[in-house]
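Chain and residue survey
Chain by chain, the residues:
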Protein chains: 2
Amino acid sequence: MLRIGVLVSGGGTNLQAIIDKIEDKTIKNTQIVAVVSNKQNAYALERIKKYNIEGKCIKPSDYLTKKDFTLALRDYFLSLEVDLIVLAGYLVVLSEEFVQAFPNKIMNIHPSLIPAFCGNGFYGLRVHKGVIERGVKITGATVHFVDEGTDTGPIILQKPVEVKENDTPEILQRRVMEEAEWVIYPEAIRLYAEGRIIVENNKVKILDSI
Amino acid sequence: MLRIGVLVSGGGTNLQAIIDKIEDKTIKNTQIVAVVSNKQNAYALERIKKYNIEGKCIKPSDYLTKKDFTLALRDYFLSLEVDLIVLAGYLVVLSEEFVQAFPNKIMNIHPSLIPAFCGNGFYGLRVHKGVIERGVKITGATVHFVDEGTDTGPIILQKPVEVKENDTPEILQRRVMEEAEWVIYPEAIRLYAEGRIIVENNKVKILDSI
């Protein structure tokens, strides 16, 4: 049984997409053992109640230093013996103490085709604003493992999405979620649960199913 | 009748894709009035003979300065009254005297999804090497207007292409040509010939056909 811990800051729509695929058995032998938010009132914590998933708030302001916070978060996931940590709209930058404790075991989704429109400053709507300002015709989403850099880790899956002429950042954000994020994030977790993702030379290989 | 001038350095496979679509009338009311190579032995100059297209070699080494070369090239196209200049694997960097003489009238194709894997140093196989080294899963091609920067002009069309696990730069280059370049370059020229491409605020709008 794969044990997943999830980090959220907001509504948790990607979390919902993943829960749906666990519930309908597309993703097998997998359990979300905890959802941790840095905000007490994140709607994601409401969302999980009906699934009997443990929700918890661990927030930086409850700790003296960023390092104390990081270690508390790390130790919580270590105590739960999680196999995989999934970032689902988590807006806190994770320190290297955390990342190094879970090498190639932290997944993130970024709402563009990395290496375009990623790195410092590109998060949330800013990504889609950047896409529209440049007049790009194809954007998408990327699931990747988290390393010490920002959006620099091994890429697991990507899916392109068309930009349309009258798109606002909000409209484009929604299309990228529906057509790409909610498709490839559960898919990446399914592949991980099936033991089909390996990382070699900082690159992901996906093994065929048996 | 749209009058096109083409600049090439090598085989001219993109040129061939465009000629094919003019010959089969997908692109209407369009004539290639000259193909100019910076290399005497470019195969593209052979390729065009059977279509009765004028071929010419204008090369930097025949001129005292880069500026003299640029002005000769510019004046040649001005004398032919070209409406559009198409770069089809042209490996000379065009100076601003040339670019400014044909604002939003020079098209280029780049073998990636701009702004990924573009700019200085990214041309030919180097683009596909970069894609493979980063472990990206989706690449593609971009048709854009040429401005004074490198790959910074308004984007006209883009098409994504899947990167496969055992791709070499050569294999990937071929797939990007077949699945994207030879599709979107003729398509962009067709839209241009139909008067359906407008540039506003440095961004391309494509008008619906009437």
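It should be noted that the structure appears before, not after, this text.
Residues numbered from 1 in each chain as written. Chains lettered and ligands numbered in written order. Predicted model: local features only at pLDDT ≥ 70, side-chain atom pairs only at ≥ 80, totals over all residues. Heavy atoms only, no water.

Let us look at the sheet that holds strand 5 (residues 106-110) of chain B. Residue and element names in this part refer to chain B. Taking strand neighbours across the sheet as the criterion, the seven strands line up as 3-2-1-4-5-6-7 in an open arrangement whose pairing is mixed. Taken across any chain shown, the strands that pair with only one partner, and hence form the sheet edges, are strand 3 (55-57) and strand 7 (155-162). Each neighbouring strand pair of the sheet contributes to a mean axis angle of 20°, computed without reference to strand direction. As paired strands, strand 2 (residues 30-37) and strand 3 are joined by three bridges and run parallel to one another. Within strand 3, the residue paired with S37 across the bridge is C57. (Pairing = 2+ DSSP bridges. Helix = DSSP H or I, 4+ residues; strand = E, 2+ residues; numbered from the N terminus. Axes fitted to C-alpha atoms, helices over the stretch in contact; angles between N-to-C directions.)

Turning our eyes to something else, we now look at the interface of chain B and chain A. Contacts between the two partners involve 27 residues from chain B and, on the opposite side, 27 residues from chain A. Here chain B packs against chain A, burying approximately 2000 Å² in sum over the two surfaces, 56% of which is carbon and sulfur. On the surface where chain B and chain A come into contact, there are zero salt bridges. Where chain B touches chain A, the interface holds 16 residue pairs in polar contact (both at pLDDT 80 or more). Elements that contribute at least two residues to the side of chain B that touches chain A include exactly helix 5 (125-134), strand 7 and strand 9 (203-206) of chain B. Sorting elements by how many residues they give to the side of chain B that touches chain A places strand 7 of chain B first, with six residues. Across the side of chain B that touches chain A, the residue classes break down as 15 nonpolar, four polar and eight charged. (Contact = heavy atoms within 4.5 Å. Buried area = accessible area lost by both parts, 1.4 Å probe. Salt bridge = Lys/Arg side-chain N within 4 Å of Asp/Glu carboxyl O. Polar contact = N/O pair within 3.5 Å; in protein donor to acceptor, adjacent residues only side chain to side chain. Nonpolar A, V, L, I, M, F, W, Y, C, P; charged D, E, K, R; others polar.)

Residue and element names in this part refer to chain B. End to end, helix 3 (residues 66-79) covers 20 Å across 14 residues, agreeing with the expected 20 Å (1.5 Å per residue, within 8%). Those residues of helix 3 that sit buried are F69, T70, L73, Y76 and F77. Looking straight down helix 3, one finds its buried side chains confined to an arc of 130°; they lie on one side. Buried residues belonging to helix 3 abut strand 1 (2-8), strand 2, strand 3, strand 4 (84-88) and helix 4 (96-101). (Expected span 1.5 Å × (residues − 1). Buried < 20%, exposed > 50% of the residue type's maximum accessible area, 1.4 Å probe, protein only. Arc of directions from axis to C-beta.)

Once that is clear, we can look at the sheet that holds strand 3 (residues 55-57) of chain A. Residues and elements named next belong to chain A. The strand order across the open sheet formed by seven strands is 3-2-1-4-5-6-7, and the pairing between neighbours is mixed. A strand with exactly one partner marks an edge of an open sheet, and here the two such strands are strand 3 and strand 7 (155-162). Between one strand axis and the next, the sheet turns through 20° on average, direction left out of account.

Another aspect to go through is helix 1 (residues 13-23) of chain B. Inspection of helix 1 of chain B places N14, L15, Q16, A17, I18, I19 and I22 of chain B among the buried residues, and these make up the whole buried set. Just downstream of helix 1 of chain B lies K25 of chain B, where phi reads positive at about 70°.

Here we take up the environment of L7 of chain B. Residues and elements named next belong to chain B. Tracing the sequence through the fold places L7 in strand 1. Along the primary structure L7 and L87 are separated by 80 residues, whereas in three dimensions their C-alpha atoms are 4.9 Å apart. Once you skip the residues sitting within four places of it in the chain, L7 turns out to touch V36, L73, F77, I85, V86, L87, A88, Y90, L94 and F98.

Further remarks concern the relation of the copies chain B and chain A. Of the transformation superimposing chain B on chain A, the axial component is 0.0 Å and the angular component is 180°, with the fit at an RMSD of 0.0 Å. Within this description, the copies of the chain are treated as partners about a two-fold rotation axis. Among all residues of chain B, the minimum C-alpha distance to the rotation axis is found for A116 of chain B, at 2.5 Å. With an isologous cut-off of 70% or more, the 100% of interface residues of chain B that recur at the interface of chain A puts this contact in the isologous class. (Least-squares fit on C-alpha atoms with pLDDT ≥ 70 in both.)

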